[in-house]
Amino acid sequence: MILLASTNANVGFPAGMEILRKGGSALDAVEATIRPVEDNPADRTVGFNGYPNILGDLELDASIMDGRTRESGAVGALKGVIPAISVARKVMETLPHVLLAGAGADRFAAEMGFPQTEALLNPDVIAAREAILKQDMTDTEFATLATSDNLRQWVRLATDPERTYGTVNVIAQDANGNIACGVSTSGWAWKYPGRLGDSPIIGAGNYADNRYGAAACTGMGEMAIRASTAHSIVMAMKLGKSLTEACELAMEDLNALGGNFIGRMNLIALAKDGTPAGYSSLPGKTFIYQTDEMETYVEKERTLVEIEERWAE
Ligand code: GLY
C-alpha cells in the first residue's frame, strides 16, 4: 500500500495512512488525506482561506476517481462549502453525473447536508487581495469591480506577474491493490469568476485506473486541460511505456503547447506496481509518499523537465 501526494498534503497523511493500515479503501484514504488540507488555514491554494477569485469570492474545484471502476465525481466553482472533496465524492456516489458546477454544485452540497460556511476567508487573505489588486487599479476601480464591464482586463493585470496557483493531489493504493486519486484547489488566485481549472476535469488534473496506475496535476490547470495530462500519463502506461517514460512524455507534450499562456506544471503519478513519481517544470519542487513499511512520509525532489514559460504582453 502507498499514499503519494503533493507536499502540502502532509497534514492529512496521518488520517490517510491510518485508513490504509486498517485495511480501508484507497478511496477513503484519499478523501481523509485531503480533508485536513482543505481545513488548513495556512494553505492559500486549497479550501478554507485559499486565495479567492478577482471579486473576492472563494470558488473551489475538486474531484475524486475510483480506479476500480473509473467512477468519478467532481465539483467546480463551489462556493462556501468545505470539504469540497467530500461533495465531489457524493456526486460520484449519488448522481448519474460526474461534474456539477456553480449554483448547481452549491445546491447539491446543501441537499446532501453539507453546511454553507459564511466566512471561508480570514482577514489576512482579504487584505492580501486588496493590496495585490491595488498595485494595478485605483481605489474607485477596486471598489466597483463587481459591476465592471471590463473584468477580463483586471484578471490579466492581477495574474501577471502575481500568478498564484496550487492544488493538493493525493493518490492511494490500498492493501487490495485498488487505486484512487483526489484533487482539490481554490484555483488560480484572482481568477475570472466561474473559471474552472484542471482539478475538477477528469483526465486533465486527475485520472486513476487500477489496470495501469494514476496521475494528478498541480500548476497551471489550463495547460493540463489542453493536453489531457493526467489521462495521457495513464494511457502511455497502458500502451507499454514505463512510469518514467509516461511522465516525461506528458511534460514534453506540455512544453510543446503553443500560444501565449504557458506557465508551470507539477505532477505526481503512480504505476500499478506501487512505484511513485513526481515531476515539475521548476527546480527544487518536492512530493511526499509513505508505504506501510515506513513510520512517516518521505519528501523527495521532483524530476525536473523544463517548460518554457510564455506570458502575454
Ligand atoms: N491546477 C489548479 C488550477 O489551475 O486551478
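Note: the structure precedes this text.
In what follows, the accompanying structure is described. Since we're looking at a predicted model, the values are computed, not measured. (Residues numbered from 1 in each chain as written. Predicted model: local features only at pLDDT ≥ 70, side-chain atom pairs only at ≥ 80, totals over all residues. Heavy atoms only, no water.)

**Examining the pattern of salt bridges**
To be explicit about the condition: Counted as salt bridges are all cases of a side-chain nitrogen of Lys or Arg within 4 Å of a carboxyl oxygen of Asp or Glu. Numbering of helices and strands runs from the N terminus, with a helix taken as a DSSP run of H or I at least four residues long and a strand as a DSSP run of E at least two residues long.
Counted according to the given criterion, the structure contains 13 salt bridges. Note that Lys79 is salt-bridged to Asp57, the shortest N-O span being 3.9 Å. Taken together, the positions of Lys79 in strand β3 (residues 71-79) and Asp57 in the loop between α2 (26-39) and β2 (59-66) put the pair 22 residues apart, joining distant regions of the chain. The partner of Arg211 in a salt bridge is Asp209, and the shortest N-O contact between them spans 2.9 Å.

**Things to note about the site of the ligand**
Selection criterion: A molecule or strand has a residue near it when one of that residue's heavy atoms lies within 4 Å. By the criterion applied in these results, polar contacts are pairs of N or O atoms within 3.5 Å in which, for protein atoms, one can donate a hydrogen and the other can accept it, and in which residues neighboring in sequence qualify only through two side-chain atoms. Per-residue and other accessible areas were derived by the Shrake-Rupley procedure at a 1.4 Å probe size, with only the shown protein chains allowed to occlude residues.
Near the ligand, the surroundings consist of Thr167, Gly187, Trp188, Arg195, Gly197, Asp198, Ser199, Gly219 and Gly221. Between the ligand and Thr167 there is a distance of 3.2 Å, counted from a nitrogen atom to a side-chain nitrogen or oxygen. Side-chain polar atom of Arg195 to an oxygen atom of the ligand: 2.7 Å apart, as the coordinates give it. If the ligand stood free it would expose 200 Å²; the protein chains cover 100% of that surface.

**A word on the nonpolar core**
Short version of the rule: Residue types Ala, Val, Leu, Ile, Met, Phe, Trp, Tyr and Cys, when buried and joined through side-chain atoms within 4.5 Å, form a set referred to as a nonpolar core. Relative accessible area decides the class of each residue, using a 1.4 Å probe on protein chains only: under 20% of the type maximum gives buried, over 50% gives exposed, and in between gives partly exposed. Contacts: residue pairs with any heavy atoms within 4.5 Å of one another.
Membership of the largest hydrophobic core comes to 53 residues, with the highest contact counts inside it found for Val75, Leu78, Val87, Leu145 and Val170. Excluding its chain neighbours within four sequence positions, the residues that come into contact with Val170 are Leu3, Leu4, Ala5, Ala9, Val30, Thr33, Ile34, Ala180, Cys181, Gly182 and Ile268. Ile233, Ala246, Phe287 and Ile307 belong to the second largest nonpolar core, which has 46 residues in total.

**Here's the deal with the pairing of strand β6 (residues 179-185)**
As a reminder, the rule being used: Pairs of strands are assigned from DSSP output, requiring at least two bridges between the strands.
Along β6, seven of the seven residues are buried, which leaves the element largely enclosed by surrounding structure. Alternating residues of β6 divide into Ile179, Cys181, Val183 and Thr185 and Ala180, Gly182 and Ser184, and every residue in both groups is buried. As defined by bridge partners, β2 adjoins β6 across six bridges and the pair is classed as antiparallel. Its bridge partner lying in β6, Met65 is registered against Cys181.

**Points about the side chain of Ser72**
Residue position: Ser72 is located in strand β3. A distance of 3.2 Å separates a polar side-chain atom of Ser72 from the backbone oxygen of Arg70. Contacts of Ser72, omitting those with residues within four sequence positions, involve Ile64, Met65, Met92, His97, Val98 and Ile202.

**Digging into unusual backbone geometry**
The linkage connecting Ile82 with the following residue, Pro83, adopts the cis geometry, with an omega of 5 degrees. By the element assignment, Pro83 lies in the loop between β3 and α3 (84-94). The residue Arg70 is not glycine, and still its phi comes out positive at about 60 degrees. Within the element layout of this structure, Arg70 appears in the loop between β2 and β3. Given a relative accessible area of 39%, Arg70 falls into the partly exposed group.

**A few points about α2**
What counts is decided by this rule: For a helix, the expected span equals 1.5 Å multiplied by the number of residues minus one.
For α2, spanning 14 residues, the distance from its first C-alpha to its last is 21 Å, which sits close to the expected 20 Å at 1.5 Å a residue. Counting buried positions along α2 yields ten of 14 residues, so the element is predominantly enclosed. Among all positions in α2, only Ala26, Leu27, Ala29, Val30, Glu31, Ala32, Thr33, Ile34, Val37 and Glu38 are buried.

**Quick word on helix α4 (residues 102-111)**
Applied cut-off: Note that the arc is defined by the directions from the helix axis to the C-beta atoms.
Within α4 the residues assigned to the buried category are Ala105, Asp106, Phe108 and Ala109. All buried residues of α4 project into a common sector of 165 degrees when viewed along the axis, lining one side. Opposite the buried face of α4, at more than 90 degrees from it, the exposed residues are Ala103, Arg107 and Glu111. Looking at the packing, one finds that the buried side of α4 touches β3, α3 and β4 (99-101). Of the residues flanking the end of α4, it is Gly113, one or two places downstream, whose phi is positive at about 90 degrees.

**Comments concerning the pairing of β3**
With respect to burial, β3 is a largely interior element, seven of its nine residues being buried. Pairing between β2 and β3: seven bridges, direction antiparallel. Each bridged residue has a counterpart across the sheet, and for Ser63 the counterpart in β3 is Ala74. Turn length for the β2-β3 hairpin, with the two strands adjacent in sequence and antiparallel, is four residues, and the turn residue Arg70 shows positive phi of about 60 degrees. Relative to β4, β3 is paired through three bridges, and the arrangement is parallel.

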